[in-house]
Amino acid sequence: RDGTYGMIQLILVSHGQLGLALIEASQLLYGQAQGLYSLSLSPDQSTSTFQKNLQSIIQRTGSQTLIMTDLEGGTPCNQSLLGTMNQPDVLVLSGMNLPMLLEALNCRHEYALPELARHLLDVGKTNILNSTLRFQEKLKDEGELDDFMN
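Read on for a plain summary of the structure. What you are looking at is a predicted structure, and each value in this text was computed from that prediction instead of being measured.

**A few points about the overall build of the protein chain**
Then, number 1: The secondary structure content of the protein chain amounts to six helices and four strands.
Then, number 2: Overall, the protein chain is about 55 × 40 × 25 Å in size when its C-alpha atoms are taken along their principal axes.
Then, number 3: When the 150 residues of the protein chain are sorted by exposure, 38% land in the buried category.
Then, number 4: Across the protein chain, contacts joining residues at least 24 apart in sequence account for 73% of those joining residues at least 6 apart.

**Thoughts on the sheet that holds strand 1 (residues 9–15)**
Then, number 1: Ordered in space as 2-1-3-4, the four strands form an open sheet in which the pairing is parallel. Both edges of this open sheet fall to strand 2 (36–41) and strand 4 (90–94), since each of them pairs with a single strand only. Taken pair by pair, the neighbouring strands of this sheet meet at an average axis angle of 20°, ignoring direction.
Then, number 2: Note: strand 1 against strand 2, six bridges, orientation parallel.

**Points about the nonpolar core**
Then, number 1: Within the largest apolar cluster, 20 residues are counted, with the highest numbers of intra-cluster contacts made by Leu10, Leu12, Leu36, Leu66, Leu101, Leu116 and Leu120.
Then, number 2: At the level of secondary structure, the elements contributing two or more residues to this core comprise strand 1, helix 1 (18–29), strand 3 (65–69), helix 4 (98–107) and helix 5 (113–126).
Then, number 3: The biggest single contributor to this core is helix 4, with five residues.
Then, number 4: Beyond its immediate sequence surroundings of up to four residues, Leu12 is in contact with Gly19, Leu22, Ile23, Leu36, Tyr37, Ser38, Leu39, Met68, Met96 and Leu101.
Then, number 5: Core analysis: the second largest hydrophobic core is formed by ten residues, Ile11, Phe50, Leu54 and Ile57 among them.

**Comments concerning the packing of helix 2 (residues 47–61) against helix 3 (residues 75–84)**
Two quantities define a packed helix pair, namely the angle between the axes and the distance from one axis to the other.
Then, number 1: Packing of helix 2 against helix 3 brings their axes to within 10 Å, and their N-to-C directions diverge by 60°. Here helix 2 is positioned oblique relative to helix 3, judged by the angle of their axes. In this structure, helix 2 crosses over helix 3, and the sense of that crossing is right-handed. Across from Thr47, Phe50, Gln51, Leu54, Gln55 and Ile58 in helix 2, the residues of helix 3 making contact are Thr75, Pro76, Gln79, Ser80, Gly83 and Thr84.
Then, number 2: Across the contact of helix 2 with helix 3, the residue classes break down as four nonpolar, eight polar and no charged.

**Remarks on the packing of helix 4 against helix 5**
Then, number 1: Contact geometry of helix 4 with helix 5 gives a least axis separation of 8 Å together with a crossing angle of 145°. The handedness of the crossing between helix 4 and helix 5 comes out as right-handed. Contact with helix 4, carried on its side by Pro99, Met100, Glu103, Ala104 and Cys107, involves Leu116, His119, Leu120, Val123 and Gly124 of helix 5 and no other residues of that element.
Then, number 2: When its residues are assigned to classes, the contact of helix 4 with helix 5 shows seven nonpolar, two polar and one charged.

**Quick look at the pattern of salt bridges**
Then, number 1: Tallying each qualifying case throughout the model produces one salt bridge.
Then, number 2: Where Glu115 meets Arg118, a salt bridge forms, and the shortest distance between an N and an O atom there is 3.1 Å. Of this pair, Glu115 and Arg118 are both found in helix 5, three residues apart, which corresponds to roughly one turn of the helix.

Cut-offs applied
Residues numbered from 1 in each chain as written. Predicted model: local features only at pLDDT ≥ 70, side-chain atom pairs only at ≥ 80, totals over all residues. Heavy atoms only, no water. Helix = DSSP H or I, 4+ residues; strand = E, 2+ residues; numbered from the N terminus. Buried < 20%, exposed > 50% of the residue type's maximum accessible area, 1.4 Å probe, protein only. Contact = heavy atoms within 4.5 Å. Pairing = 2+ DSSP bridges. Axes fitted to C-alpha atoms, helices over the stretch in contact; angles between N-to-C directions. Core = buried A, V, L, I, M, F, W, Y, C linked by side-chain atoms within 4.5 Å. Parallel < 35°, antiparallel > 145°, perpendicular 65-115°, else oblique. Left-handed = near helix turned anticlockwise from the far one by under 90°. Nonpolar A, V, L, I, M, F, W, Y, C, P; charged D, E, K, R; others polar. Salt bridge = Lys/Arg side-chain N within 4 Å of Asp/Glu carboxyl O.

That's the geometry; what it means functionally is another story.
Given below as structure tokens:
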């Protein structure tokens, strides 16, 4: 992680507006970001139109692109896989969440594409927590709520 990699482009691909909503949420925490795109599948959209829109975005991103999808086996993920199977500089992850996106924005210039994908999988998994249990344990151990008041 020496920071010598170019900035990896990110495309959030989802059912409905989930990808766009994640971008909007990330802007509250991270600010505006370059090289960040969203593609939404609407109920009335054909897979051919969706694929055409995806290819249009990929053409704009150039090389070193990470596609983050909402659901393994869903149409957005499947179409992303089909549309990029001959593009070795594009990888597809499924199960995107806000911690993964924020981490990608923070460190996408520090990793090569395959390493970034592995790192984000770890980040996504480790940020799925039972917050009620953690809250109760912290309250029991420390007896104060200061950390939770903002």
